[in-house]
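Read off the chains here:
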Amino acid sequence: MNSTICPKYEAAFSLLGKRWVGVIIRVLFDGSCRFKDINDQIPNLSQKVLADRLKELEGCGLVQRECVEEKPLKITYTLTQKGRDLQPVLEAVHVWAEKWMNPPGHE
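Because the structure is a prediction, the values reported are computed rather than measured.

Q: I'm lost on the nonpolar core in this one. Help?
A: For soluble globular proteins, the rule of thumb is that nonpolar side chains tend to be buried together. Ranked by size, the top nonpolar core spans 21 residues in total, and within it I24, I25, L28, I38 and L57 carry the most contacts. Elements supplying a minimum of two residues to this core: α2 (21-28), α4 (47-59) and β3 (74-79). For this core, the leading source of residues is α2, giving five residues. Setting aside residues up to four positions removed in sequence, L28 forms contacts with C33, I38, V63, Y77 and L79.

Written out as C-alpha coordinates, the structure is:
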(Lines give C-alpha, C1' and ligand atoms only; values in the text may rest on other atoms or scores of the structure.)
Protein backbone atom coordinates (compact mmCIF):
# COMPACT_ATOMS: atom_id res chain seq x y z
CA MET A 1 0.00 0.00 0.00
CA ASN A 2 1.25 3.48 -0.87
CA SER A 3 1.84 5.43 2.34
CA THR A 4 1.91 8.95 0.84
CA ILE A 5 -1.16 11.13 0.97
CA CYS A 6 -2.47 12.47 -2.32
CA PRO A 7 -1.57 16.19 -2.58
CA LYS A 8 -5.09 17.06 -3.82
CA TYR A 9 -6.68 15.27 -0.86
CA GLU A 10 -4.33 17.09 1.49
CA ALA A 11 -5.12 20.45 -0.15
CA ALA A 12 -8.88 19.79 0.13
CA PHE A 13 -8.63 19.06 3.85
CA SER A 14 -6.35 22.05 4.40
CA LEU A 15 -9.14 24.26 3.09
CA LEU A 16 -12.23 22.42 4.34
CA GLY A 17 -10.67 21.75 7.73
CA LYS A 18 -10.35 25.43 8.57
CA ARG A 19 -12.70 26.60 11.25
CA TRP A 20 -16.01 27.96 9.92
CA VAL A 21 -15.43 27.01 6.25
CA GLY A 22 -17.86 24.08 6.23
CA VAL A 23 -20.49 26.08 8.10
CA ILE A 24 -20.19 29.04 5.71
CA ILE A 25 -20.55 26.72 2.73
CA ARG A 26 -23.55 25.07 4.40
CA VAL A 27 -25.28 28.45 4.76
CA LEU A 28 -24.67 29.17 1.08
CA PHE A 29 -26.28 25.86 0.03
CA ASP A 30 -29.58 27.66 0.68
CA GLY A 31 -28.77 30.32 -1.95
CA SER A 32 -27.14 33.71 -2.32
CA CYS A 33 -26.59 35.67 0.88
CA ARG A 34 -25.36 39.05 1.91
CA PHE A 35 -22.46 39.25 4.35
CA LYS A 36 -24.74 40.27 7.22
CA ASP A 37 -27.11 37.36 6.53
CA ILE A 38 -24.26 34.85 6.66
CA ASN A 39 -22.91 36.44 9.84
CA ASP A 40 -26.36 36.39 11.46
CA GLN A 41 -26.76 32.65 10.78
CA ILE A 42 -23.43 31.66 12.36
CA PRO A 43 -23.23 32.65 16.04
CA ASN A 44 -19.74 33.31 17.41
CA LEU A 45 -18.22 33.97 13.97
CA SER A 46 -16.45 37.32 13.92
CA GLN A 47 -16.89 39.61 10.94
CA LYS A 48 -13.13 39.64 10.34
CA VAL A 49 -12.90 35.84 10.17
CA LEU A 50 -15.99 35.71 7.93
CA ALA A 51 -14.46 38.27 5.57
CA ASP A 52 -11.18 36.33 5.50
CA ARG A 53 -12.88 33.00 4.85
CA LEU A 54 -15.11 34.44 2.10
CA LYS A 55 -12.05 35.92 0.36
CA GLU A 56 -10.28 32.59 0.59
CA LEU A 57 -13.31 30.67 -0.72
CA GLU A 58 -13.65 33.17 -3.55
CA GLY A 59 -9.94 32.87 -4.34
CA CYS A 60 -10.15 29.10 -4.73
CA GLY A 61 -13.29 29.28 -6.85
CA LEU A 62 -15.90 27.96 -4.40
CA VAL A 63 -17.72 31.25 -3.85
CA GLN A 64 -18.61 34.07 -6.21
CA ARG A 65 -18.94 37.63 -4.93
CA GLU A 66 -21.39 39.77 -6.86
CA CYS A 67 -21.93 43.52 -6.57
CA VAL A 68 -25.42 44.69 -7.49
CA GLU A 69 -25.45 48.34 -8.51
CA GLU A 70 -28.29 49.75 -6.47
CA LYS A 71 -28.51 52.15 -3.60
CA PRO A 72 -27.20 51.12 -1.22
CA LEU A 73 -24.68 48.88 -2.97
CA LYS A 74 -25.66 45.24 -2.50
CA ILE A 75 -22.96 42.56 -2.34
CA THR A 76 -24.00 38.92 -2.36
CA TYR A 77 -22.10 35.66 -2.06
CA THR A 78 -23.10 32.56 -4.01
CA LEU A 79 -21.59 29.12 -4.35
CA THR A 80 -20.10 28.33 -7.74
CA GLN A 81 -20.66 24.91 -9.29
CA LYS A 82 -17.38 23.86 -7.67
CA GLY A 83 -18.80 24.92 -4.29
CA ARG A 84 -22.20 23.30 -4.89
CA ASP A 85 -20.42 20.03 -5.72
CA LEU A 86 -19.46 19.87 -2.02
CA GLN A 87 -23.09 19.41 -0.97
CA PRO A 88 -23.14 15.58 -0.93
CA VAL A 89 -19.76 15.56 0.82
CA LEU A 90 -20.89 17.92 3.58
CA GLU A 91 -24.23 16.14 3.90
CA ALA A 92 -22.32 12.89 4.49
CA VAL A 93 -20.30 14.66 7.20
CA HIS A 94 -23.59 15.83 8.73
CA VAL A 95 -24.94 12.26 8.84
CA TRP A 96 -21.71 11.08 10.46
CA ALA A 97 -21.80 13.96 12.97
CA GLU A 98 -25.40 13.21 13.94
CA LYS A 99 -24.36 9.65 14.72
CA TRP A 100 -21.04 10.23 16.46
CA MET A 101 -20.55 13.81 17.68
CA ASN A 102 -21.82 15.64 20.73
CA PRO A 103 -21.76 19.44 20.89
CA PRO A 104 -19.33 20.87 23.46
CA GLY A 105 -20.87 20.68 26.91
CA HIS A 106 -23.20 17.79 25.92
CA GLU A 107 -20.84 14.84 26.38
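Q: Explain the pattern of salt bridges here, please?
A: One side chain can pair with another of opposite charge once the charged atoms of both are near each other. Inspection of the entire model under this criterion finds four salt bridges. For D40, the salt bridge goes to K36, with nearest N and O atoms at 2.8 Å. Here K36 and D40 lie together in helix α3 (residues 35-41), a separation of four residues that amounts to about one turn.

Q: Help me understand the sheet that holds β3, please; the structure alone is not making it clear to me.
A: Spatial ordering of the open sheet is given by β1-β3-β2, a layout of three strands whose pairing is antiparallel. Two strands bound the open sheet, and with one partner strand each, they are β1 (33-34) and β2 (63-68). The sheet contact formed by β1 and β3 spans two bridges and is antiparallel. When the bridges of β3 are listed, R34 appears paired with T76. Along the sheet, α2 contacts β1, β2 and β3; its crossing angle with β3, the most-contacted strand, is approximately 100°.

Q: Looking at this structure, how should I read the pairing of β2?
A: In the case of a regular strand, side chains alternate between the two sheet surfaces. Of the strand pairs in this sheet, β2 and β3 are connected by six bridges, and their pairing is antiparallel. Its bridge partner being in β3, R65 is matched across the sheet by Y77.

Q: It is not clear to me how the packing of aromatic side chains should be interpreted in this structure. Could you clarify?
A: The relative placement of two aromatic rings is captured by the distance of their centres and the angle of their planes. All chains considered together, the criterion is met by one aromatic pair. Summarising the aromatic geometry, the rings of Y9 and F13 are spaced 5.0 Å apart at their centres and angled 50° between planes, so their arrangement reads as tilted. Here F13 and Y9 lie together in helix α1 (residues 7-16), a separation of four residues that amounts to about one turn.

Q: What is the right way to look at α4 in this model?
A: For α4, built from 13 residues, the straight-helix expectation of 18 Å at 1.5 Å per residue is met to within 8% by its first-to-last C-alpha distance of 18 Å. Listed in full, the buried residues belonging to α4 are L50, R53, L54 and L57. Buried residues in α4, looked at end-on, bunch into an arc of 100°, giving them a common side. The outward face of α4, more than 90 degrees from its buried face, is lined by the exposed residues K48, K55 and G59. Those residues of α4 that are buried are in contact with α1, α2, α3, β2 and β3. G61 lies just past α4 and shows a positive phi near 85°.

How each quantity is defined
- Residues numbered from 1 in each chain as written.
- Predicted model: local features only at pLDDT ≥ 70, side-chain atom pairs only at ≥ 80, totals over all residues.
- Heavy atoms only, no water.
- Core = buried A, V, L, I, M, F, W, Y, C linked by side-chain atoms within 4.5 Å.
- Buried < 20%, exposed > 50% of the residue type's maximum accessible area, 1.4 Å probe, protein only.
- Helix = DSSP H or I, 4+ residues; strand = E, 2+ residues; numbered from the N terminus.
- Contact = heavy atoms within 4.5 Å.
- Salt bridge = Lys/Arg side-chain N within 4 Å of Asp/Glu carboxyl O.
- Pairing = 2+ DSSP bridges.
- Axes fitted to C-alpha atoms, helices over the stretch in contact; angles between N-to-C directions.
- Phe/Tyr/Trp six-rings, centres within 6.5 Å; stacked < 30°, edge-to-face > 60°.
- Expected span 1.5 Å × (residues − 1).
- Arc of directions from axis to C-beta.

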